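Architecture and fold: a report
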Amino acid sequence: MEEKKRTVTRVEDGEKVRKTAKKTTEAVETAEQEVKKVKKVETLSKPEEKSKAITLRIVSAILWVAAIACEVLAILCLFKALRLPGLSQMWWMIIFIVVDLICCIVAALLWKKASHLDPFKKTNNKVGFFILTQLGVIMAAICFLPLIILVLTSKDKLDKKSKIIVTVVAIVALLIAGLIGADFNPISAEEKAAAEQSITGDVFWTTFGHKYHAYEDCHTIANSASVYSGSVTAAIDNGCSELCYYCAKRAEKEDSLALDGLNIEEGVAETAGE
Ligand SMILES: [Zn+2]
C-alpha cells in the first residue's frame, strides 16, 4: 500500500515539476516578448530627413498628376470622346475613378509622411501652412469634384441607372480621398524644433498613435502590441505630433522636461475625473 501511494505521489510530483517547468518557460517567453516589445528606431540626420521628404513630395506630385489624368480619362469616357473596348462606358468610368482614388490615397499618405520628416514653417504663414498640410484634401477635391459636377450636369451622356452609379462611386471616392488626405495632427517646423530642444532622452510611441510618451511605463501604452522607442525626432518622423497629456502632467510634477513650446495633447483627463 505504502509503495503504491509513493508511486502516486511521485507521478503527481513529476507532473507538478513539469507544470512548473512549463510555467517557467512561459514566463521566460513572456519576459522575452516584453523585451522584444519595444523596438528601437534610428534617428535620421537633418539632411537625410530633408532628402527623404523631397523624394516623397516628388512621388506625391507624380501620383496626383496621374490621378488627374485618370479623372480626365473618365470625363472623356463620359462625353464618348474615348471609346474603349470590352466593357461598357460606365465600367470604364468606374475603373478610372478607382485608379484615380488609389493614386490620391498613396499620394496623400506620402505627402503627410513628408510633412513630418520636414515640416512646413507656420510663423507668418498660417494660411500657407494650412494649405500645404491639408493639400491631400484640396487634391481630393480637384481629382473628383469636376468629374462629379460634369456627370450631374451632363444630359443624355449616360443612362439614368449608370449616371446614379457613377455619381455615387465618385462621391464615395471623394469622401475617402478627402478623409485620408486630411492631416488631423499636423506639426510645424517650429513645433518640431521645440520638441527636439525640450526632449533629449528617448520617447515611446505606438504604430498608429500620434502621441509620443516621455515614460515607457505610461498607462496609455501599457497594452499596445508594439511600442517603439527613439529620439523625439524619430517619433515625429514616424507620425507623432504631440506629447501625451499624462506624460506631460507627470513631467510637470517631476520637473523633468521643459514644456514650453511643446505640442501637448489637450486635457483628456478632465472627463476621466483626475
Ligand atoms: Zn504617455
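Counting from 1, residues in each chain are numbered in the order their sequence is written. Selection of residues for local features in this predicted model requires a pLDDT of at least 70, selection of side-chain atom pairs for listing and counting requires 80 or more, and totals for whole chains, interfaces and linings are taken over all residues.

Things to note about the overall build of the protein chain
Only DSSP runs of H or I with at least four residues qualify as helices, and only runs of E with at least two residues qualify as strands; both kinds are numbered from the N terminus onward. Each helix and strand counted, the protein chain has 10 helices and 5 strands in total. Within the protein chain, contacts between residues separated by at least 24 positions form 75% of all contacts whose residues are at least 6 apart in sequence. We call two residues in contact when the distance between their C-beta atoms, placed using the backbone, is within 7 Å.

Examining the nonpolar core
Each nonpolar core reported here comprises buried Ala, Val, Leu, Ile, Met, Phe, Trp, Tyr and Cys residues connected via C-beta atoms within 7 Å. Whether a residue is buried, exposed or partly exposed follows from its count of other C-beta atoms within 10 Å of its own C-beta, namely 20 or more, 12 or fewer, or something in between, respectively; the C-beta atoms are built from the backbone. Ranked by size, the top nonpolar core spans 38 residues in total, and within it Ala 74, Met 93, Cys 104, Ala 107 and Ala 177 carry the most contacts. Contributions of two or more residues to this core are made by α2 (46-78), α3 (89-117), α5 (135-153) and α6 (160-181). Here this core gets 15 residues from one element, more than from any other, and that element is α3. Setting aside residues no more than four positions away along its own chain, Met 93 makes contact with Ala 74, Cys 77, Leu 78 and Val 166. Among the nonpolar cores identified, the runner-up in size contains 22 residues, and Ala 195, Tyr 212, Tyr 228 and Val 232 belong to it.

What to know about the sheet that holds strand β4 (residues 227-230)
In spatial order, the strands read β1-β4-β2; together these 3 strands make up an open sheet with mixed pairing. In this open sheet, the two edge strands, each paired with only one partner strand, are β1 (38-40) and β2 (203-206). Across the sheet, the mean angle from the axis of one strand to that of its neighbour is 35°, orientation sign disregarded. If DSSP finds at least two bridges between two strands, the strands pair. Lines are fitted to the C-alpha atoms to define the axes, a helix being fitted only along its stretch in contact, and any angle between axes, read from their N-to-C directions, falls within 0 to 180 degrees.

Concerning the packing of α2 against α5
Between α2 and α5, whose axes approach to 9 Å, the crossing angle comes to 5°. Viewed along their axes, α2 and α5 adopt a mutual orientation that is roughly parallel. Every residue of α5 that contacts α2 at Trp 64, Ala 67, Ile 68, Glu 71, Ala 74, Ile 75 and Leu 78 is listed here: Met 139, Ile 142, Cys 143, Phe 144, Pro 146, Leu 147, Leu 150 and Val 151. Three classes are used: nonpolar for Ala, Val, Leu, Ile, Met, Phe, Trp, Tyr, Cys and Pro, charged for Asp, Glu, Lys and Arg, and polar for all others, with Gly counted as polar. Classifying every residue of the contact of α2 with α5 gives 14 nonpolar, no polar and 1 charged. The scheme is simple: roughly parallel for angles under 35 degrees, roughly antiparallel for over 145, roughly perpendicular for 65 to 115, oblique for anything else.

Details of the packing of α3 against α5
Each pair of packed helices can be summarised by the angle the axes make with each other and by the distance between the axes. Look at α3 against α5: their axes get within 9 Å of each other, and the N-to-C directions meet at 165°. When the axes of α3 and α5 are compared, the pair comes out roughly antiparallel. Once α3 is placed against α5, the crossing between them reads as right-handed. Only Leu 135, Gly 136, Met 139, Ala 140 and Cys 143 of α5 make contact with α3, whose side of the interface consists of Asp 100, Cys 104, Ala 107, Ala 108, Trp 111 and Lys 112. Grouping the amino acids of the contact of α3 with α5 by side-chain chemistry returns 8 nonpolar, 1 polar and 2 charged. Crossings are sorted by hand: turned counterclockwise from the far helix by less than a right angle, the near helix makes the crossing left-handed, and turned clockwise it makes it right-handed.

A short note on the pairing of β4
On β4, burial follows the alternation: Tyr 228 and Gly 230 on one face are buried, whereas Val 227 and Ser 229 on the facing-out side are not. Note: β2 against β4, 4 bridges, orientation antiparallel. In the sheet register, Val 203 faces β4, and the bridge partner there is Gly 230.

Considerations on unusual backbone geometry
With a phi angle near 60°, Lys 80 is a residue other than glycine that sits in the positive phi range. Structurally, the position occupied by Lys 80 is in the loop between α2 and α3. A tally of 10 C-beta atoms within 10 Å means that Lys 80 is categorised as exposed. Even without glycine at this site, Asp 156 takes up a positive phi of about 60°. Within the fold, Asp 156 resides in the loop between α5 and α6.

Observations concerning helix α9 (residues 245-254)
Those residues of α9 lying buried are Tyr 245, Tyr 246, Cys 247, Ala 248 and Ala 251. Phi turns positive one or two residues past the end of α9, at Asp 255, with a value near 55°.

Some thoughts on the environment of Ser 88
Here Ser 88 shows up in the loop between α2 and α3. Among the residues examined, Ser 88 registers 13 C-beta atoms within 10 Å and is labelled partly exposed.

Quick look at the confidence of the model for the protein chain
Residue-level confidence of the predictor, termed pLDDT, takes values from 0 up to 100. Confidence in the prediction of the protein chain, expressed as mean pLDDT, is 86, and 84% of residues score 70 or more. Confidence drops under pLDDT 50 across residues 1-17; counting only partners more than four residues distant or on other chains, this segment forms 0 contacts. Throughout residues 269-274 the model reports pLDDT below 50, and contacts reaching past four residues in sequence, or to other chains, amount to 2 contacts.

Some points on the environment of Ala 108
Mapping Ala 108 onto the fold places it in helix α3. Along the sequence, Ala 108 and Ala 61 sit 47 residues apart, while their C-alpha atoms lie 9.5 Å from each other. Discounting chain neighbours no more than four positions away, the residues touching Ala 108 are Gly 136, Ile 180 and Gly 181.

Quick look at the environment of Ala 251
With respect to the helices and strands, Ala 251 occurs in helix α9. When the C-alpha positions of Ala 251 and Ala 214 are compared, they lie 7.9 Å apart, and in sequence the two are 37 residues distant. Not counting the four nearest positions on each side in its chain, Ala 251 is found in contact with Ala 214, Ser 256, Leu 257 and Leu 259.

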